[in-house]
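# Structure assessment
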Amino acid sequence: IRRLNRGEVVPLDGIIAFGIFTPEEMETLMLSTTNIVIINSEKSLDYSFNRIVIDFDIALENAVTYLSEMSGNIAFLGGIWKKDGITIGTHRADRVREILQSKGLYREELFLTGELAGEYGAEAVRRAAEKGATSLMIFSQLLEKGALEEYGKLGLDFPVVIYRDIPLNSEK
């Protein structure tokens, strides 16, 4: 198992690719192998590649419904990662914002996005508590540790939903 860097071409037996790829990126991947499985890509009628698509919309709506039944002020803690023209985290944040808005639960001051790091997770929990949050949605393992440590330090006692994803690197 190895990680390919963007644009890298090496002979491989197969590729498991996570995310959404442009046609140009797919052409580059195909130079390494045609045995490609794409996970968490956009739903598509293009059957050129095997795809595993998780229906995050239902999971996100269920999480918002659960928290809205438990408390009214839902804080979203999300991280955005950007490197070499790649951005991760915006689709999830946008979808949660849409769901909260559709249910009349969106509060700009409780919708917190920042760097994917434990320090930001702690800072976001402090800000959410100061702004009156009565529940949390934590949307990255990279935020989780700092966020939960701060939750405990502040003595908070309200529902938390954690979305566990794949860490981008071990440094953060």
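Located above this text is the structure these notes cover.
Right, let's walk through the structure included here. (Residues numbered from 1 in each chain as written. Predicted model: local features only at pLDDT ≥ 70, side-chain atom pairs only at ≥ 80, totals over all residues. Heavy atoms only, no water.)

Looking now at the packing of helix H4 (residues 118-130) against helix H5 (residues 141-153). Look at H4 against H5: their axes get within 6 Å of each other, and the N-to-C directions meet at 45 degrees. The pairing of H4 with H5 is recorded here as oblique in orientation. The two elements H4 and H5 meet at a crossing, and its hand is right-handed. For the pair formed by H4 and H5, the contact residues are Gly 118, Tyr 120, Gly 121, Ala 122, Val 125 and Arg 126 on the first element and Leu 142, Leu 143, Gly 146, Ala 147, Glu 150 and Tyr 151 on the second. For the contact of H4 with H5, the residue count by class is 7 nonpolar, 3 polar and 2 charged. (Axes fitted to C-alpha atoms, helices over the stretch in contact; angles between N-to-C directions. Helix = DSSP H or I, 4+ residues; strand = E, 2+ residues; numbered from the N terminus. Parallel < 35°, antiparallel > 145°, perpendicular 65-115°, else oblique. Left-handed = near helix turned anticlockwise from the far one by under 90°. Contact = heavy atoms within 4.5 Å. Nonpolar A, V, L, I, M, F, W, Y, C, P; charged D, E, K, R; others polar.)

For the rest of this paragraph, the subject is the nonpolar core. One finds Ala 75, Leu 77, Val 125, Ala 128, Leu 136 and Ile 138 to be the most contacted residues of the largest nonpolar core, which totals 18 residues. For this core, the elements supplying multiple residues, two or more each, are strand S4 (74-83), H4, strand S7 (135-138) and H5. Of all hydrophobic cores here, the second largest spans 17 residues; its members include Leu 67, Tyr 106, Phe 111 and Phe 139. (Core = buried A, V, L, I, M, F, W, Y, C linked by side-chain atoms within 4.5 Å. Buried < 20%, exposed > 50% of the residue type's maximum accessible area, 1.4 Å probe, protein only.)

A word on the pattern of salt bridges. Per the stated rule, a full pass over the model turns up 10 salt bridges. Between Glu 61 and Arg 95 there is a salt bridge, with its nearest N and O atoms 3.0 Å apart. Here Arg 95 lies in helix H3 (residues 90-102) and Glu 61 lies in helix H2 (residues 56-70), a separation of 34 residues in the sequence. Look at Arg 95 and you get buried, because its relative accessible area is 17%. Arg 97 serves as the salt-bridge partner of Asp 94, at 3.1 Å between the closest nitrogen and oxygen. Of this pair, Asp 94 and Arg 97 both sit in helix H3, 3 residues apart, which is roughly one turn of the helix. For Arg 97, a relative accessible area of 25% puts it in the partly exposed group. Taken together, the shared-partner salt bridges in this structure form one network comprising Asp 57, Glu 61, Arg 95 and Glu 98. (Salt bridge = Lys/Arg side-chain N within 4 Å of Asp/Glu carboxyl O.)

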